[in-house]
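Chain by chain, the residues:
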Amino acid sequence: MFENVTVAPPDPIFNIFSSYLKDESATKVNVGIGAYRTDEGKPWVLPVVRKVENMIVNSPDLDHEYLPLDGLKSFTDASAKLILGTNSPVILEKRYCAVQSISGTGAVRLGADFLKRFHDKTVYLPNPTWANHQSIFEDAGFTEILEYPYYNPKTKGLDINNLCDNLKAMKENSIVLFHACAHNPTGVDPKEEEWTQIAKIMKEKKLFPFFDCAYQGFASGSLDKDAWSVRHFVEQGFELLVAQSYSKNFGLYSERCGCLTVACQTPAKAEAVRTQLCKINRTVISTPPAFGARIVSKVLNDPELYKEWVSSLKEMAGRIKLMRRMLFDELINLGTPGNWNHIIDQIGMFTYTGLTKEQCLLIRDKFHVYMTESGRVSMAGLNTKNVKYFANSIDQVVRM
Ligand code: PLP
Ligand code: TYF
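All chains use their own residue numbering, which begins from 1 and follows the written sequence. Chains carry letters and ligands carry numbers; both start at the beginning, A for chains and 1 for ligands, and go up in the order they are written. A pLDDT threshold of at least 70 governs which residues receive local features in this predicted model, and a stricter bar of 80 or more applies before side-chain atom pairs are shown or counted, although totals over entire chains, interfaces and linings include all residues.

(A) Region of interest: the overall build of the protein chain. Helices and strands together make up the secondary structure of the protein chain, namely 16 helices and 13 strands. Both definitions apply: the radius of gyration is a C-alpha atom measure, and the globule rule equals 2.2 Å times residues to the power 0.38. Radius of gyration (C-alpha) of the protein chain: 21 Å, near the 21 Å computed for a compact globule of 400 residues. Judged by the C-alpha coordinates and their principal axes, the protein chain covers about 60 × 60 × 55 Å. Going through the 400 residues of the protein chain one by one, you find that 47% of them count as buried. In DSSP terms, a helix is any run of H or I states spanning at least four residues, a strand is any run of E spanning at least two, and both are numbered starting from the N terminus. Three exposure classes are used, based on other C-beta atoms lying within 10 Å of a residue's own C-beta, which is placed from the backbone: buried for 20 or more, exposed for 12 or fewer, and partly exposed in between.

(B) Local environment of helix α6 (residues 132-139). When α6 is considered as a whole, its buried residues turn out to be H133, I136 and F137. Taken down its axis, α6 places every buried residue within 90° of arc, on the same side. In α6, the exposed positions that point more than 90 degrees away from the buried face belong to E138 and D139. Against the buried residues of α6 lie α5 (103-118), β3 (122-127), β4 (144-149) and β7 (175-179). In this context, the arc is that of the directions from the helix axis out to the C-beta atoms. It is the C-beta atoms, placed from the backbone, that decide contacts: two residues are in contact if theirs lie within 7 Å.

(C) Seen up close, the site of ligand 1. For each residue, a C-beta atom is placed from the backbone, and the residue is labelled near a molecule or strand when this atom is within 6 Å of it. Around ligand 1, 13 residues are found, and the nearest of them are S103, G104, T105, S245 and S247. The dominant element in the shell around ligand 1, judged by the number of residues it contributes, is α5, at three residues. When residues are sorted by character, Ala, Val, Leu, Ile, Met, Phe, Trp, Tyr, Cys and Pro go into the nonpolar class, Asp, Glu, Lys and Arg into the charged class, and all the rest, Gly among them, into the polar class. When grouped by side-chain class, the residues that make up the shell around ligand 1 number three nonpolar, nine polar and one charged.

(D) Structural view of the pairing of strand β8 (residues 208-213). Of all six residues making up β8, six are buried, and the element is well covered by its neighbours. Of the two faces of β8, the one carrying F208, F210 and D212 and the one carrying P209, F211 and C213 are both buried. For two strands to pair, DSSP has to find at least two bridges joining them. Of the strand pairs in this sheet, β7 and β8 are connected by five bridges, and their pairing is parallel. When the bridges of β8 are listed, L177 appears paired with F210. The definition of a right-handed crossover adopted here requires that, viewed with the strands pointing away, the path from the first strand over the helix to the second runs clockwise. The parallel pair β7 and β8 is bridged by helix α8 (residues 192-204), and the resulting crossover is right-handed.

(E) The arrangement of the environment of S79 in detail. In this structure, S79 sits in helix α3 (residues 73-84). Excluding residues within four positions of it along the chain, S79 makes contact with A98, Q244, C259 and T261.

(F) Seen up close, the site of ligand 2. The immediate surroundings of ligand 2 are formed by D11, I13, F14, I33, G34, W130, N132 and N184. Taken together, the residues that form the shell around ligand 2 break down as four nonpolar, three polar and one charged. Both of domain 1 (12-44 + 317-399) and domain 2 (73-301) provide at least three residues apiece to the shell around ligand 2. Marked domain ranges trace back to an automatic or database domain assignment.

(G) Layout of the domain arrangement of the protein chain. Segmenting the protein chain into domains produces domain 1 (12-44 + 317-399) and domain 2 (73-301). Averaged C-alpha coordinates put domain 1 and domain 2 at centres separated by 28 Å. Listed by contribution, the elements that provide at least two residues to the side of domain 1 that touches domain 2 are α13 (303-334) and β11 (350-352). Per element, the largest residue contribution to the side of domain 1 that touches domain 2 is three residues, and it comes from β11. Residue composition of the side of domain 1 that touches domain 2, grouped by class: nine nonpolar, eight polar and one charged.

(H) Inspection of the sheet that holds β8 at higher detail. Within the open sheet, the seven strands sit side by side as β2-β10-β9-β8-β7-β3-β4. Their pairing is mixed. Either end of the sheet is taken by a strand with one partner, and the two such strands are β2 (96-102) and β4. Strand-to-strand twist of the sheet, defined as the mean angle between neighbouring strand axes without regard to direction, takes the value 25°. Only the stretch in contact is used when fitting a helix axis, every axis being a line fitted to C-alpha atoms; angles between N-to-C directions are given from 0 to 180 degrees. Across the face of the sheet, α5 comes into contact with β2, β7, β8, β9 (240-245) and β10 (257-263) while running at roughly 160° to β9. On the sheet, helix α11 (residues 267-284) packs against β2 and β10 and is oriented at approximately 15° with respect to β2.

(I) Representation of the environment of D139. When you line up the elements, D139 lands in helix α6. As a C-alpha pair, D139 and G34 span 105 residues in sequence and 23 Å in three-dimensional space.

(J) Broad picture of the packing of helix α2 (residues 47-57) against helix α12 (residues 291-300). Where α2 contacts α12, the axes come no closer than 9 Å and their chain directions differ by 115°. Taken together, the axes of α2 and α12 lie roughly perpendicular to each other. Pair α2 / α12 crosses with right-handed handedness. On α12, the residues touching V48, V49, V52, E53 and I56 of α2 are R294, I295, K298 and V299. Class assignment of the residues belonging to the contact of α2 with α12 gives a composition of six nonpolar, no polar and three charged. For classification, angles of less than 35 degrees are called roughly parallel, those exceeding 145 degrees roughly antiparallel, those between 65 and 115 degrees roughly perpendicular, and all remaining angles oblique. Two helices that cross are described as forming a left-handed crossing if the nearer one is turned anticlockwise from the farther one by less than a right angle, and a right-handed crossing if clockwise.

Spelled out as structure tokens, the structure:
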């Protein structure tokens, strides 16, 4: 038995995290995994989440019955409204469905399983992208997993011309995966006029958009602004899929709280899609977990709690922006060779520094600074106490 089983390669990001945990240095810095930290370097339970979880746990009505196959309805309805906008024609005309998933990862997988059965087995992913995308579509049985140009290392910005040329050459019906906002790992998003250009070509070429939205509210601090790309495609009449995660914007990482929202042409089609998604859920997870969904549902459906959440979101986005500014200023003060404007130009959780793999390994060895080998830095790992040390480490490694 199991003669052919060999050790699987570790997940590169989780692997860096476990090396960081083992490191005994007092000055070690974790900018590897994309998880929010306070200025004290601690995980943060949002005050509104703490309040609501106490309400739920202490409620005499609390039970642990199964949720329906498509999850908690007050949660999935609110999720669809959050991403599409309350006044979206898709919402008003009830031509959407929203099905609860095992966080953002599970939503991408659920979407991939659905599209493979009912649409196409060719998907284009941005280059670079979150490493898990490739594996998810592989495991879902896609036959063609291709990439499209996204990032231009010279400008450290969007490679819009190549991106558009590539879209024009894709075959009809191909699925194109986009990060709705705060692209992981580059921190580079198309501007509104670039999204408009992309949508126009997608429509002409009959391509299918699949949005992965893991950072709504994190990119700009505004939930509406961060949903602009998705809403623009909807306005242009696309049917589309959006995978939503509440890991980052609610800090509910381990509760695995997410949703797959599908915009359709008619209510009847939306209902058919919903039942097929339920059928997929049934064999993979049966029914989704309740706790995270209960928390998010209470917050999204109560105007006062919602306001508290938005204020925490702004605080997280604001702290990350401050770290961008402080890191940039430190490097300028040090006169570190190179151009560092991208640190303040890029948005969301990550900065794609442009450091080489060798430099990333060196900074880990010499300074106990843990980042991915691609040079991605999770800005939430920086704080007012370690940003100077971090900037110094970069400065020295760049000069070596
Ligand atoms: N998609 C992207 C682009 C991500 O960066 C992440 C991780 O944060 C996810 C999806 C899914 O995360 P989770 O499964 O924790 O919701
Ligand atoms: O990119 C990140 O750091 C987050 C967290 O397999 C993450 O998206 C990393 C790796 C992974 C799952 C989540």
